[in-house]
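Chain by chain, the residues:
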There are 2 protein chains.
Amino acid sequence: MKPISPRQQDILNFIRQFIEQEEFPPTIAEITRALGLKSPHGVREQLQALARKGAIELIPSASRGIRLLQKAAEQDGLPLIGKVAAGRPLMTEANVEQYCKLGPELFQNKADYLLRVQGSSMRDAGILDGDLLVVQQAAEARSGQIVVARLHDEVTVKTLRLAGEMAYLEPANPEFPVLAVDLSKQELSIEGVVVGVIRNRID
Amino acid sequence: MKPISPRQQDILNFIRQFIEQEEFPPTIAEITRALGLKSPHGVREQLQALARKGAIELIPSASRGIRLLQKAAEQDGLPLIGKVAAGRPLMTEANVEQYCKLGPELFQNKADYLLRVQGSSMRDAGILDGDLLVVQQAAEARSGQIVVARLHDEVTVKTLRLAGEMAYLEPANPEFPVLAVDLSKQELSIEGVVVGVIRNRID
DNA sequence: CGGTAGACTGTCCATAAGAACAGTGTTCTT
DNA sequence: AAGAACACTGTTCTTATGGACAGTCTACCG
């Protein structure tokens, strides 16, 4: 999108705030008054510029015919990442299955995305195949936390255990092995910390 | 709130749908056209009636000055029921801890409320102490479903197993007993069906 | 049987609000 | 130095819109 001038940003902010408060968009005259201007025409031109830049949509001849466009991102909620394509960063368009609205009041830590669990290696921690993990993006984690980690281009969910130069990725299922990583020799990148679990299928 | 007539409900539905689609409320004339009426005055009176009944708010002299009021209930999200007071219906004000916003796209079945789990009797089904169950209100359930049931004034979460006149409430933890209920002698009331699980604390 | 509420038509008015035209001055970039 | 984008004032025009008045018809409620 093209750059938005400071004044246009002012107008955009006012519209956003107005909608927040009144539940409908302002008229051009209301914007004019709010900015302390004397003629509505200046505002009108700015609105048309904003429309050209793709920030808003103007509905011709309709009073209060202003629609904010990139509000969409907020409304979509958290991205749900299904299958992770090898060698790709997690939060890639291609990985996102859908967007889920989740109120922030549910999780004490900020949630960044949802990740669908594959396999039952964390079964005894109450994380089952097909569950959605609520993940907070983080590059580091404390020992004992359940993390989303990337090892040799593969993404895995395990409990992280740190002991000096060694990191252990512990499953919560005796049928799976503990992965030991020598941090001085291999690279282990933390993608995020699990802050919640959601199960939407009960069999 | 006072009762809303069928016609007024029509108008309310149209306004709701219009806002959903256009992001701003309709004008009186637009409502008139949508309902196939010839004069805007009839609609105007209905709007004033709706305002008297507390369903909407009319902002005088403002174009599209219609605000939906009980939209608040939706916005509040699902009620989260913490501890259940004995002998009281579940969805009582006193039982509600808070309201949580949850997008409906997450659960294929409609969710009615959240219930905090106490105890670990469903541990092996991946339902742990402190988890939030996503519950759909229902008076009946199929055999094999995980249900919220009330037995002797106590609310419990178990897998329901039906066999003729007998109902079994099976825990998912060998440390807990199966509860057998003879439906011809005792009363077992189903409060709802579990359609999802949310864990917001990871220890 | 009168009163009230619901559900309209039809007309009219004042103004709120979008649209357009004619300008002015500034700050950039090319 | 010219052109484009920004950031306005000021005026005029038309239509969209809310608001008001005068009625009609029906269904209920007590």
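Each chain has its residues counted from 1, following the order in which its sequence is written. To label them, take the chains in the order written and letter them from A, then take the ligands in the order written and number them from 1. Only residues with pLDDT of at least 70 are given local features in this predicted model, and only at 80 or more are side-chain atom pairs given and counted; all residues enter the totals for whole chains, interfaces and linings. The side-chain numbers reported here are obtained from all heavy atoms of the structure, hydrogens and water having been left aside.

## Some points on the overall build of chain A
No. 1: By the criteria applied, helices consist of DSSP H or I runs no shorter than four residues and strands consist of E runs no shorter than two, each listed in order from the N terminus. When its secondary structure is counted, chain A shows 4 helices and 11 strands.
No. 2: In terms of overall dimensions, chain A is more spread out than a globule: its C-alpha atoms have a radius of gyration of 24 Å, far above the 17 Å expected for 203 residues.
No. 3: Expressed as lengths along the three principal axes of its C-alpha atoms, the size of chain A is roughly 75 × 40 × 30 Å.
No. 4: Accessible area is worked out with a 1.4 Å probe on protein chains only. A residue is then buried under 20% of its type maximum, exposed over 50%, and partly exposed in between. A total of 203 residues make up chain A; the buried ones form 42% of that total.
No. 5: Throughout, a residue-residue contact means that at least one pair of heavy atoms, one from each residue, lies within 4.5 Å. Long-range contacts, defined as pairs at least 24 residues apart, comprise 51% of the intrachain contacts of chain A with a sequence gap of at least 6.
No. 6: The protein chains shown are the only cover counted for residues, whose accessible areas, like all others here, come from Shrake-Rupley with a 1.4 Å probe. Carbon and sulfur atoms form 50% of the exposed surface of chain A, whose accessible area is close to 10800 Å².
No. 7: Counting rule applied: Lys, Arg positive; Asp, Glu negative; His and chain ends not counted. Lys charges are placed at NZ, Arg charges at CZ, Asp charges at CG and Glu charges at CD. The average position of the 24 basic charges and that of the 26 acidic charges among the side chains of chain A differ by 8 Å. Here the radius of gyration uses the C-alpha set of atoms, whereas the globule reference equals 2.2 Å times the residue count to the power 0.38.

## A short note on the protein's contact with DNA strand D
No. 1: By nearness alone, 22 residues border DNA strand D, and Ser5, Arg7, Glu45 and Lys53 of chain A together with Ser61 of chain B come closest of all.
No. 2: Counted by atom, the contact set of DNA strand D within 4 Å of the protein is 66% sugar and phosphate.
No. 3: Only α1 (6-22) and α3 (40-52) of chain A together with α3 (40-52) of chain B provide two or more residues apiece to the surface near DNA strand D.
No. 4: For the surface near DNA strand D, the element with the highest residue contribution is α3 of chain A, accounting for 4 residues.
No. 5: Residues belonging to the surface near DNA strand D are distributed by class as follows: 4 nonpolar, 12 polar and 6 charged. We call a residue near a molecule or strand as soon as one heavy atom of that residue lies within 4 Å of the molecule or strand. Put simply, Ala, Val, Leu, Ile, Met, Phe, Trp, Tyr, Cys and Pro go in the nonpolar bin, Asp, Glu, Lys and Arg in the charged bin, and everything else, Gly too, in the polar bin.

## Topic: the relation of the copies chain A and chain B
No. 1: In the superposition of chain A on chain B (RMSD 2.0 Å, axial shift 0.5 Å), the rotation amounts to 179°. Taken together, the rotation angle and the small translation identify this as a two-fold axis.
No. 2: A share of 100% of the interface residues of chain A reappears at the interface of chain B, consistent with the copies meeting face to face through the same patch. Residues reaching a pLDDT of at least 70 in both copies supply the C-alpha atoms on which the copies are superposed by least squares.

## Considerations on the nonpolar core
No. 1: Residues belong to one nonpolar core when they are buried, are Ala, Val, Leu, Ile, Met, Phe, Trp, Tyr or Cys, and are joined through side-chain atoms within 4.5 Å. Among the nonpolar cores identified, the biggest contains 29 residues, and Ile31, Leu47 and Ile56 of chain A together with Ile31, Leu47 and Ile56 of chain B are the most heavily contacted of them.
No. 2: Counting only elements with at least two residues in this core, the list comes to α1, α3 and β2 (66-68) of chain A together with α1 (6-22), α3 and β2 (66-68) of chain B.
No. 3: Every residue in contact with Ile31 of chain B, bar those within four places of it in the chain, is listed here: Ile11, Phe14, Ile15, Pro26, Val43, Leu47 and Ile66 of chain B.
No. 4: In this structure, Val195 of chain A together with Leu80, Leu114 and Val195 of chain B belong to the second largest nonpolar core, which totals 24 residues.

## Observations regarding the packing of α1 of chain A against α3 of chain A
Residues and elements named next belong to chain A.
No. 1: Think of each axis as a best-fit line through the C-alpha atoms, taken over the contacting stretch in the case of a helix, with angles from 0 to 180 degrees between the N-to-C directions. Close contact between α1 and α3 brings their axes to 10 Å; oriented N to C, the two are set at 90°. By the angle between their axes, α1 is roughly perpendicular relative to α3. Within the contact between the two elements, α1 uses Gln8, Ile11, Leu12 and Ile15 and α3 uses Gln46, Leu47, Ala49 and Leu50.
No. 2: Of the residues assigned to the contact of α1 with α3, the class counts are 6 nonpolar, 2 polar and no charged. By definition in this entry, angles of less than 35 degrees are roughly parallel, angles greater than 145 are roughly antiparallel, angles of 65 to 115 are roughly perpendicular, and the rest are oblique.

## A short note on the confidence of the model for chain A
No. 1: Each residue carries a pLDDT score, the predictor's confidence in it, ranging from 0 to 100. With 91% of its residues at a pLDDT of 70 or more, chain A shows a mean pLDDT of 86.
No. 2: The secondary structure element of chain A with the lowest average pLDDT is helix α4 (residues 72-76) of chain A, at 60, and the one with the highest is strand β9 (residues 166-170) of chain A, at 92.

## A look at the packing of aromatic side chains
No. 1: Any two rings among Phe, Tyr and Trp, with Trp reduced to its six-membered ring, count as a pair given centres within 6.5 Å; such a pair is stacked if its planes are under 30 degrees apart, edge-to-face if over 60, and tilted if neither. Scanning the entire structure with this criterion turns up 4 aromatic pairs over all chains.
No. 2: Taken together through their ring pairs, the aromatic side chains of Phe14, Phe18 and Phe24 of chain A make up a single cluster.

## A closer look at the interface of chain A and chain B
In many reports, interface size means the accessible area that the parts give up when they come together.
No. 1: Listed by partner, the interface residues are 41 residues for chain A and 41 residues for chain B.
No. 2: Regarding the contact of chain A and chain B, the summed buried area is about 3100 Å², with carbon and sulfur atoms giving 51% of it.
No. 3: In what follows, salt bridge is the name for a side-chain nitrogen of Lys or Arg lying within 4 Å of a carboxyl oxygen of Asp or Glu. Inspection of the region where chain A meets chain B yields 2 salt bridges.
No. 4: Of the charged contacts, one joins Glu22 of chain A and Arg67 of chain B as a salt bridge, the two residues approaching to 3.3 Å between their closest N and O atoms.
No. 5: Two N or O atoms form a polar contact when they lie within 3.5 Å of each other; inside protein one atom must be a possible hydrogen donor and the other a possible acceptor, and for residues adjacent in sequence the pair counts only when both atoms belong to side chains. The tally of links from chain A across to chain B stands at 14 residue pairs in polar contact (both at pLDDT 80 or more).
No. 6: Sorting the residues of the side of chain A that touches chain B by element identifies α1, β2, β4 (96-100) and β11 (188-199) of chain A as the ones contributing at least two each.
No. 7: Of the residues forming the side of chain A that touches chain B, the biggest block, 6 residues, is contributed by β11 of chain A.
No. 8: Looking at side-chain class alone, the side of chain A that touches chain B contains 22 nonpolar, 10 polar and 9 charged residues. A simple way to read buried area is as the amount of 1.4 Å-probe accessible surface that goes missing from two parts once joined, with both sides added.

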